[in-house]
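# Topology and contacts: notes
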Amino acid sequence: PGPILPYSPSSGCDWNRCSFCPERAERNPYVAIPVEQVILDLLHLVDRQKPVLIHLLDNAISPSLMKAISEHPPGVPWYGFARMTRHLTDPDFCLALKRSGCVMLKLGLESGDQTVLDDLQKGIHLDEASSALKNLKEAGIATYVYLLFGTPPEGLIEARKTLEFVVRHHECIGF
C-alpha cells in the first residue's frame, strides 16, 4: 500500500491508425513531452512524492520512452499501456525494462487473427505479438492483454482463432 503516481508523458496516440480508435475519430493530435523532460520529471516526482508505483497514463508508451526509462530507472516500479511492436521481441530490451522497474504492460492485441488485425489497421503481426508475450513473461513482466470480439471484420472463425491464440499463450498472459 502507498501512493501511486499517475503521470502522462503524452496525449493522443503516435500510431493513430486503428480503424476503431477514438483518438483518430476525434482527430486528437499526438503530443508528447520530450523524453529527457519525462525522465527529469519522474525522478523529481519520485523524490518528492515517494510513490510505491508509477502509472504511465499514455495510450501507448513510446519505444523511445521505454528505452530512456530502462537507461534511467525512476527508482520505483512502473506500468502502463504499450503497443505490441518489434521492440518487445528483443529479450534484452524486455530484461532492461524489468530492471528499470517495469512490472506490467497493458497490451491491445484485439484479435488473434491476422486478417482482422490488418482490417483494423492495428499494425500488429501475430508472430511479433507471440514473441513479445514470451519475452515479457521470461523477463518477469506481467501482461494485461486486451481483446475485441464482434468487430466488423470478425466472424466466428476469426473469433475462434483469437481464443486459440489466447489458449496457446495462456502462460504468458497475466490478465
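Within each chain, residues carry numbers counting from 1 in the order of the written sequence. Per-residue local features are limited, in this predicted model, to residues with pLDDT of at least 70; the limit for side-chain atom pairs, both in listing and counting, is 80 or more; totals at the level of whole chains, interfaces and linings are taken over all residues. Side-chain metrics rest on all non-hydrogen atoms present in the structure, leaving aside hydrogens and water.

With that settled, the discussion passes to the pattern of salt bridges. Between side chains of opposite charge, pairing is possible as soon as their charged atoms come close. Salt bridge, as used here, is a side-chain nitrogen of Lys or Arg placed within 4 Å of a carboxyl oxygen of Asp or Glu. For the structure on display, the rule yields 5 salt bridges. Close ionic contact of Lys67 with Glu71 constitutes a salt bridge, the shortest N to O distance being 2.4 Å. A residue pair is termed a helical-turn pair when its members lie 3 or 4 positions apart in one helix, as Lys67 and Glu71 do in helix H3 (residues 63-71) at 4 residues. Between Arg86 and Glu128 there is a salt bridge; the shortest N-O distance is 2.9 Å. Of this pair, Arg86 sits in the loop between strand S5 (78-82) and helix H4 (91-99) while Glu128 sits in helix H6 (residues 126-139), placing them 42 residues apart in sequence. Using a relative accessible area of 59% as the deciding quantity, one classes Arg86 as exposed. Helix and strand assignments follow DSSP, with helices taken as H or I runs no shorter than four residues and strands as E runs no shorter than two, numbered in order from the N terminus. Residue exposure (1.4 Å probe, protein chains only): buried if accessible area is under 20% of the type maximum, exposed if over 50%, otherwise partly exposed.

With that settled, the discussion passes to the sheet that holds strand S1 (residues 4-7). A pair of strands is labelled paired if DSSP reports no fewer than 2 bridges between them. Taken in spatial order, the 5 strands line up as S1-S4-S5-S6-S7 in an open sheet, and their pairing is parallel. If you trace the sheet from one side to the other, it starts and ends with S1 and strand S7 (142-147), each paired once. Neighbour to neighbour, the strand axes of the sheet diverge by 20 degrees on average, direction disregarded. Here strand S6 (residues 102-110) runs beside S7; their pairing, made up of 6 bridges, is parallel. Residue pairing in the sheet places Glu110 in a bridge with Leu147 of S7. Working rule for contacts: check all heavy atoms of both residues, and any pair within 4.5 Å makes them a contact. For every element, the axis is a line fit to its C-alpha atoms; helices are fit only across the contacting stretch, and the angle between N-to-C directions ranges from 0 to 180 degrees. Along the sheet face, helix H2 (residues 35-49) touches S1 and strand S4 (53-56) and points at about 155 degrees away from the line of S1.

Residue position: Lys106 is located in strand S6. One buried charged side chain, Lys106, makes no salt bridge at all; its nearest oppositely charged neighbour is Asp58, positioned 10 Å away. The residues touching Lys106, leaving out its near neighbours within four places in the chain, are His55, Tyr79, Gly80, Phe81, Ala82, Tyr144 and Tyr146. Within this scheme the basic residues Lys and Arg register as positive and the acidic residues Asp and Glu register as negative, but His and the chain ends are omitted.

Let us now look at H3. Taken together, the buried positions of H3 are occupied by Leu65, Met66, Ala68, Ile69 and Ser70. Contact partners of the buried residues in H3: H2, S4, S5, H4 and S6.

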